[in-house]
Amino acid sequence: MPLDSYLATRSAQFRQQVARRLDGSLTEEEFRPLRLMNGVYLQLHAYMLRVAIPYGTLTSDQLRALAHIAERWDRGYGHLTTRQNMQFNWPRLVDIPDMLDHLATVGLHAIQTSGNTIRNVTADPFAGAAEDEIADPRPVAELIRQWSTDHPEFQFLGRKFKIAVSGAAEDRAVLKAHDLAIRIREKDGARGYEILVGGGLGRTPMVGQTLHPFLPAADLLPYIEAVLATYNMLGRRDNKYKARIKIAVHEHGIEEIRRLTEAEFTRRRAAFHGADQALLRDLERQFALPPLTAGDDTAYHAAREADAGLHSFTDTNTAPHKAPGHAIVTVSLKPFGGIPGDITSAQMHALADLVDAHAYGELRFSPEQNIILPHVPLAVLPELYKGLLAQGLATANAGRASDIVACPGLDYCTLATARSIPLAQQISEMLDRTGLDADLGKLKIKISGCINACGHHHLGQIGILGLDKRGVESYQITLGGTDGDALAIGERTGPGFSADEIVPAIARLLDAYLELREDEEESFLAAYQRLGPDPFKSALYQD
């Protein structure tokens, strides 16, 4: 079925289900599985719609559609998540079918952004542009997306299942924190895939393990199907907190999971006759680079030396591109004192225009809750910067301490036990006021408002977990986490801090790092790994 017909059918079905809920024919409990299949959550104050942005890639027209939804049916803004989706926090239930219809006009939807199924497939936000890339992972991600959408065998898994794909030397897709991850590899001139399984955060954080070091390219879909079938068979359904594949890997061991997967793969492989590989080749053509035109960048270098703001922005918010004369640009959604990941409809409209004018009409949502412009000619960077500056989108802090990742927390979420957003704002303001942000260099702070860890606090070099201690918010600190190639879970430092104590505690911790580091080149993580936790705990607890 063509995508437009499929989305129209799904939207029409949901419109009828919404009508039945509104007229009382369905109770909220009966309606719940139906709305979750369409990305609709019930939060503290309103329904929430989570829109899938497949592998984080979208066009300027799709961004305009999201802007229109925000201004017509929500409160004028959208929120980027750590899984490259966009959430609208204030829609009326009666309006959501209209929102879905509008999304469908640009090929977007909210299918499988919730529920115990295969969720939105994520990818490296620098995909197709990164200097260190073996191959663009998005064709593989799109192949998996098409295969997994409404897959009849995997619509009612024991729990949700998250997949990430990368094709670069550096992991920017948080591969080892996913249920299943695919990394494009090359060996003896042939292309294949490393398959990782059993990663995840939440109340039981675990690091993914290699299930297959080098899977032949033609075996990808049947092998993934075998992994899912194995999990569907082994995954626990007696306890939802132990139902993720990471628990199955932990309880049975990676060798047994490998044995069962290989046996299942042998049974399923014969059903794949090559149509998947033909589709993948077609997708690879569709994801070809746009015709890049670098232009003369002499004026850019002159402007960079003359404009301190542009100089700072290009130092922090650009990355090397595979094509000469181009850069990858990060548009930070973390203004000092702002709400991490929020972007207004006006900003979305303006950014779409800037992307059309200067960045080939393409952009990405990143797991860091920022927006990536993957292809920007150096020659146009000064004009792009001016346009971003006018919209409040030129904060030069990508990768710095103020580039804080935070979940919505208790301001929105029914599962939250503490507020995340106000804390992120207070820390950001403190970093700006004290000048620490510029002094600290690269440092990742991540905040979650409950143990479900949507803010990835386990992976923060400084992680903060908000908990409820007898009706009072308490913030627990972890140190030493990292989300790159050497993914590691942060270590808890000790007792939590009250809402009034947490920001001063973070300030003491950062001051201690500046005193303890060997020189300006030693990062917070490197200093922590060299010295161990004790001097940092002493600063936190004033021992």
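Residues numbered from 1 in each chain as written. Predicted model: local features only at pLDDT ≥ 70, side-chain atom pairs only at ≥ 80, totals over all residues. Heavy atoms only, no water.

**Structural notes on the side chain of Asp124**
Item 1. By the secondary structure assignment, Asp124 is in the loop between strand E6 (122–123) and helix H5 (138–148).
Item 2. Given the relative accessible area of 1%, Asp124 is considered buried.
Item 3. There is a polar contact of 2.8 Å between the side chain of Asp124 and the backbone nitrogen of Phe126.
Item 4. When residues no more than four places from it in sequence are discounted, the contact partners of Asp124 are Val165, Ser166, Ala168, Arg172, Ala173 and Arg364. (Helix = DSSP H or I, 4+ residues; strand = E, 2+ residues; numbered from the N terminus. Buried < 20%, exposed > 50% of the residue type's maximum accessible area, 1.4 Å probe, protein only. Polar contact = N/O pair within 3.5 Å; in protein donor to acceptor, adjacent residues only side chain to side chain. Contact = heavy atoms within 4.5 Å.)

**Let's talk about the sheet that holds strand E9 (residues 190–197)**
Item 1. Pairing is mixed in the open sheet, where 5 strands are placed in the order E6-E7-E8-E9-E10. Edge strands, defined here as strands with exactly one partner in the open sheet, are E6 and strand E10 (209–216).
Item 2. Relative to strand E7 (residues 163–166), E6 is paired through 2 bridges, and the arrangement is parallel. Paired with Thr122 across the two strands is Ala164, which belongs to E7.
Item 3. Sitting on the sheet, helix H6 (residues 220–234) touches strand E8 (180–187), E9 and E10, and the angle it makes with E10 is about 155°. (Pairing = 2+ DSSP bridges. Axes fitted to C-alpha atoms, helices over the stretch in contact; angles between N-to-C directions.)

**Structural notes on the pattern of salt bridges**
Item 1. Tallied over the entire structure, the rule returns 42 salt bridges.
Item 2. Arg268 is the salt-bridge partner of Glu264, the closest N and O atoms lying 2.7 Å from each other. On the criterion of helical spacing, the pair formed by Glu264 and Arg268 is a turn pair, its members being 4 residues apart in helix H8 (residues 254–268). Residue Glu264 shares its accessibility class with Arg268, and that shared class is buried.
Item 3. Arg419 is the partner of Glu473 in a salt bridge, and the nearest nitrogen-oxygen pair spans 2.8 Å. Taken together, the residues Glu473 in strand E19 (residues 472–479) and Arg419 in the loop between strand E16 (405–406) and helix H14 (421–434) connect sequence positions 54 residues apart.
Item 4. Its relative accessible area of 16% is what places Glu473 among the buried residues.
Item 5. Salt bridges linked by common partners bring Glu153, Glu225, Glu264, Arg267 and Arg268 together as one network. (Salt bridge = Lys/Arg side-chain N within 4 Å of Asp/Glu carboxyl O.)

**Some points on a negative patch on the surface**
Item 1. On the surface, a cluster of negative charge is contributed by Asp439, Asp519, Glu520 and Glu521.
Item 2. Note on placement: Asp439 falls in helix H15 (residues 436–440).
Item 3. With relative accessibility at 43%, the residue Asp439 sits in the partly exposed group. (Patch = residues over 30% accessible without salt bridge, like charges linked within 9 Å, V, L, I, M, F, W, Y side chains within 5 Å. Areas by Shrake-Rupley, 256 points an atom, 1.4 Å probe, with all protein chains shown as cover. Lys, Arg positive; Asp, Glu negative; His and termini not counted. Charge placed at Lys NZ, Arg CZ, Asp CG, Glu CD.)

**Structural notes on the nonpolar core**
Item 1. Residues Leu66, Leu351, Ile371 and Leu373 are the most contacted members of the largest nonpolar core, which totals 53 residues.
Item 2. Ranked by residues supplied to this core, first place goes to helix H3 (residues 60–73) with 6 residues.
Item 3. In this structure, Ile144, Phe154, Ile195 and Leu221 belong to the second largest nonpolar core, which totals 40 residues. (Core = buried A, V, L, I, M, F, W, Y, C linked by side-chain atoms within 4.5 Å.)

**A word on the layout of surface pockets**
Item 1. Of the volumes computed, that of the second largest pocket is approximately 800 Å³.
Item 2. Those elements giving two or more residues to the lining of the second largest pocket turn out to be helix H11 (308–316), strand E11 (318–320) and strand E12 (326–331).
Item 3. Top element by residues in the lining of the second largest pocket is E11. It accounts for 3 residues.
Item 4. Of the residues contributing to the lining of the second largest pocket, the split by class is 13 nonpolar, 11 polar and 12 charged. (1 Å grid on protein atoms, 1.4 Å probe; cavity = no way out; pocket = protein on both sides within 12 Å on 5 of 7 lines; lining within 4 Å. Points joined across faces, edges and corners; volume = space filled by probe spheres on them. Nonpolar A, V, L, I, M, F, W, Y, C, P; charged D, E, K, R; others polar.)

**Describing H14**
Within an α-helix, residues lying three or four positions from one another point in the same direction, as the helix has 3.6 residues per turn.
Item 1. The end-to-end C-alpha separation of H14 is 20 Å, in line with the 20 Å expected for 14 residues at 1.5 Å each.
Item 2. Considered for burial, the residues of H14 that qualify are Ile421, Pro422, Leu423, Ala424, Ile427, Ser428, Met430 and Leu431.
Item 3. Gly435 sits one or two positions beyond H14 and adopts a positive phi of about 80°. (Expected span 1.5 Å × (residues − 1).)

**Considering the pairing of E9**
Item 1. Within E9, 6 of the 8 residues are buried, which leaves the element mostly enclosed by the surrounding structure.
Item 2. Pairing analysis gives 8 bridges linking E8 to E9, with the strands arranged antiparallel. What sits directly across from Ile184, in E9, is Tyr193.
Item 3. Count of turn residues in the E8/E9 antiparallel hairpin: 2 residues, of which Asp188 carries a positive phi of about 55°.
Item 4. When E9 meets E10, the two strands line up antiparallel, connected through 5 bridges. Note that in E10 the partner of Leu196 across the bridge is Thr210.

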